[in-house]
Structures are given as C-alpha cells and as structure tokens.
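Below, each chain spelled out in residue letters.
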Amino acid sequence: MTKVLTEPRSIRIKGRSFLAVVLTPDLPFDDWLVRLDDLAARSAGFFLGRPVVLDVSDLEIDRPQLKALIAGLASRNVSIMGVEGGRPSLVEPGMPPMLKGGKPAADYEVPRSETPEPAGGNSAEAAANPPVEQAPPQVVVQQSQISAPSLIVRETVRSGQSVIYTQGDVTVIGSVQSGAEVIAGGSVHIYGALRGRALAGCVGNADARIFCRKFESELVAIDGVYAMTDDMDPELKGHPVQLWLEGDAIMTERMT
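### Some words on the overall build of the protein chain
Line of reasoning, step 1. Regarding its fold elements, the protein chain presents three helices and 15 strands.
Line of reasoning, step 2. Per-residue burial for the protein chain yields a buried fraction of 39% across its 256 residues.
Line of reasoning, step 3. A separation of at least 24 residues holds for 42% of the contacts in the protein chain among residues at least 6 apart in sequence.
Line of reasoning, step 4. Carbon and sulfur atoms provide 52% of the accessible area of the protein chain, an area that totals close to 14,900 Å².

### A closer look at the nonpolar core
Line of reasoning, step 1. Residues Val170, Leu194, Ile210, Phe215, Val220 and Leu243 are the most contacted members of the largest nonpolar core, which totals 30 residues.
Line of reasoning, step 2. Excluding anything up to four places from it in sequence, leucine 194 contacts Val176, Ile210, Cys212, Lys214, Phe215, Glu216, Ser217 and Val220.

### Considering the sheet that holds strand 4 (residues 98–99)
One key point about sheets: their strands pair by backbone hydrogen bonds, in either a parallel or an antiparallel sense.
Line of reasoning, step 1. Sheet architecture is open: four strands sit in the order 1-2-3-4, paired in parallel fashion. Looking at strand neighbours, the two that pair on one side only are strand 1 (21–23) and strand 4, the edges of this open sheet.
Line of reasoning, step 2. Note: strand 2 (residues 52–55) against strand 3 (residues 80–84), four bridges, orientation parallel. Each bridged residue has a counterpart across the sheet, and for valine 53 the counterpart in strand 3 is glycine 82.
Line of reasoning, step 3. Against the sheet, helix 2 (residues 63–74) contacts strand 1, strand 2 and strand 3, and its axis sits at roughly 150° relative to strand 2.

### Overview of the pattern of salt bridges
Line of reasoning, step 1. Under the counting rule described, the total for this entry stands at eight salt bridges.
Line of reasoning, step 2. Measuring nitrogen to oxygen at the nearest pair gives 3.0 Å for the salt bridge that ties arginine 35 to aspartate 26.
Line of reasoning, step 3. Look at arginine 35 and you get partly exposed, because its relative accessible area is 40%.
Line of reasoning, step 4. Residue glutamate 181 pairs with arginine 197 through a salt bridge whose shortest N-O separation is 3.3 Å. Taken together, the residues glutamate 181 in strand 8 (residues 181–184) and arginine 197 in strand 10 (residues 197–200) connect sequence positions 16 residues apart. Accessibility classification places glutamate 181 together with arginine 197 in one group, the buried group.
Line of reasoning, step 5. Among the charged side chains, a salt-bridge network with shared partners connects Arg63, Lys67 and Glu92.

What counts as what
- As a convention, each chain's residues are numbered from 1 in the sequence order in which they are written.
- Given that this is a predicted model, residues contribute local features only at a pLDDT of at least 70 and side-chain atom pairs are listed and counted only at 80 or more, while totals for whole chains, interfaces and linings are drawn from all residues.
- Side-chain measures here rest on the full set of heavy atoms in the structure, leaving out hydrogens and waters.
- In this description a helix means any DSSP run of H or I spanning at least four residues, a strand means any run of E spanning at least two, and both kinds are numbered starting from the N terminus.
- Each residue gets one of three labels from its accessible area relative to the maximum for its type: buried under 20%, exposed over 50%, partly exposed in between, using a 1.4 Å probe on protein chains only.
- Whether two residues are in contact is decided by their heavy atoms: any pair within 4.5 Å suffices.
- Areas reported as accessible are Shrake-Rupley estimates using a 1.4 Å probe. Residue values count occlusion only from the protein chains shown.
- For this analysis, a nonpolar core means a set of buried residues of the types Ala, Val, Leu, Ile, Met, Phe, Trp, Tyr and Cys, connected via side-chain atoms within 4.5 Å.
- When DSSP finds two or more bridges between two strands, those strands count as paired.
- Note on definitions: angles span 0 to 180 degrees between N-to-C directions of axes, and those axes are lines fitted to C-alpha atoms, for helices only across the stretch in contact.
- When a carboxyl oxygen of Asp or Glu is within 4 Å of a side-chain nitrogen of Lys or Arg, the pair counts as a salt bridge.

Here you go:
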C-alpha cells in the first residue's frame with residue numbers, strides 16, 4: 001500500500017545579497033530633488049529597477065518631512081527599500097523599514113554568456129565554452145565566490161549591461177557603450193571608449209581613479225561624487241583622460 005504524506009512542508013528561508021544605491025539627501029529637499037531630476041534627465045534609467053536606500057543619518061528632520069521626501073521620490077519612480085540612520089520614531093507602519101548594519105555586497109553571479117573573466121582565468125575553458133549571443137541582461141546580483149583583487153573584462157560592455165565589482169579595480173579591454181555601466185570598489189580602467197557610466201570607489205575609496213582611452217562618458221562618479229558630460233570640459237571629448245577626486249570635486253586631465 002502506498003502511503004501519502006500530507007504533513008505540511010517546513011518554510012525554507014535563504015539569504016541573498018543585493019547591491020543597493022544609497023541616496024544621501026541634503027536640506028532643503030526641494031533643491032536636492034531638483035539636482036536629482038537633473039541627474040535622472042541626463043542619465044535615463046539610472047534608478048530603474050535598482051534597490052535604493054535613503055540615508056538620513058546627518059539630517060535633523062521629522063516624520064512628515066521624511067514622508068514627503070519618500071513621496072517625492074516615489075513620484076519620480078525611485079522606490080525606497082529602507083531608511084538608514086535617524087531616529088526609529090521617524091518611521092511608522094506603511095513606510096520603508098529602518099535598516100542597520102549595511103555593508104558592501106561582495107559577491108555577484110552573472111549569466112554565463114556574459115560572465116567577465118577574472119585575471120588569470122582558464123583560457124582553454126573559455127575557448128571550449130564560447131559566449132552565446134543574446135539580448136544583454138540587466139544586473140543580476142547573487143552570491144558567488146570571486147577571490148581575485150581585480151576584474152578583467154575581455155570584451156565590450158554593451159548597452160544595458162552592468163559590471164559590478166566592489167572588491168577592487170575593474171579593467172575593460174574594450175569599450176563601454178552608451179547605456180552600459182562599470183562600477184568598481186577601486187579604480188576603473190577602460191582601454192577603449194567610455195561612452196556609458198563609470199563609477200569608481202563605490203564603497204568609500206576617495207583615492208580611486210577613472211582612466212579611459214577615449215572619453216565620451218554619460219556620467220562618471222568617484223566615491224559618490226558624480227559629474228555629467230555637460231559638467232566636463234568639451235575639449236576632453238574623444239581624448240585619453242584620467243579623473244580623480246580632490247575634496248568634493250572631480251578633477252580631469254588629458255593623457256598623452
């Protein structure tokens with residue numbers, strides 16, 4: 001006789017890390033939102049589909065101000081997943097939860113056909129498993145093991161793709177197309193044209209730099225300080241450039 005098990009299954013709980021964008025607003029919020037609108041207008045889709053944390057650690061605000069700010073962000077399609085810093089009394093039921101203990105996510109898993117090869121990768125294995133052409137994916141952030149202190153991407157980063165490596169430098173032996181982005185905990189090195197976005201020092205490294213052979217970027221950022229194409233000297237366009245941070249200003253220099 002077959003016995004049928006009808007006992008309820010236990011609940012399975014798994015851990016998973018996601019890379020979140022942290023917004024640190026300034027007072028007055030109306031002026032800060034104007035600057036945010038300018039960033040969004042010149043870099044379409046920057047916040048689309050991204051988990052966003054609102055850091056209010058250094059702000060003296062009350063609950064109505066926080067609710068108004070969250071509503072203002074929601075009207076701009078920026079969904080806040082949590083609030084970091086501030087008093088626990090700032091948050092009430094129905095608002096994003098208070099978050100504690102945030103730290104940079106360290107491990108990512110990208111679909112095989114788009115997996116950037118770390119330095120010292122197995123070239124024989126790569127030849128036996130050539131990449132399959134398909135529509136470029138969006139960022140997939142999952143747990144995995146990457147032990148190399150730097151990441152080498154041996155192909156062009158196409159529009160819609162993101163390369164994220166918070167442990168160290170990212171080197172792209174190719175170009176970064178418009179609509180693509182490279183995010184590194186250290187410096188970013190682009191051997192071809194930088195037409196998309198490059199964000200260096202994303203985990204708090206003010207000494208990080210951005211290097212590219214042909215500068216045509218939509219947006220660059222170092223340690224959270226960003227600049228758009230319109231903010232740059234137009235004479236830099238199309239030339240080899242390095243960028244670094246001095247205080248709260250991004251400095252640029254043509255390279256020979």
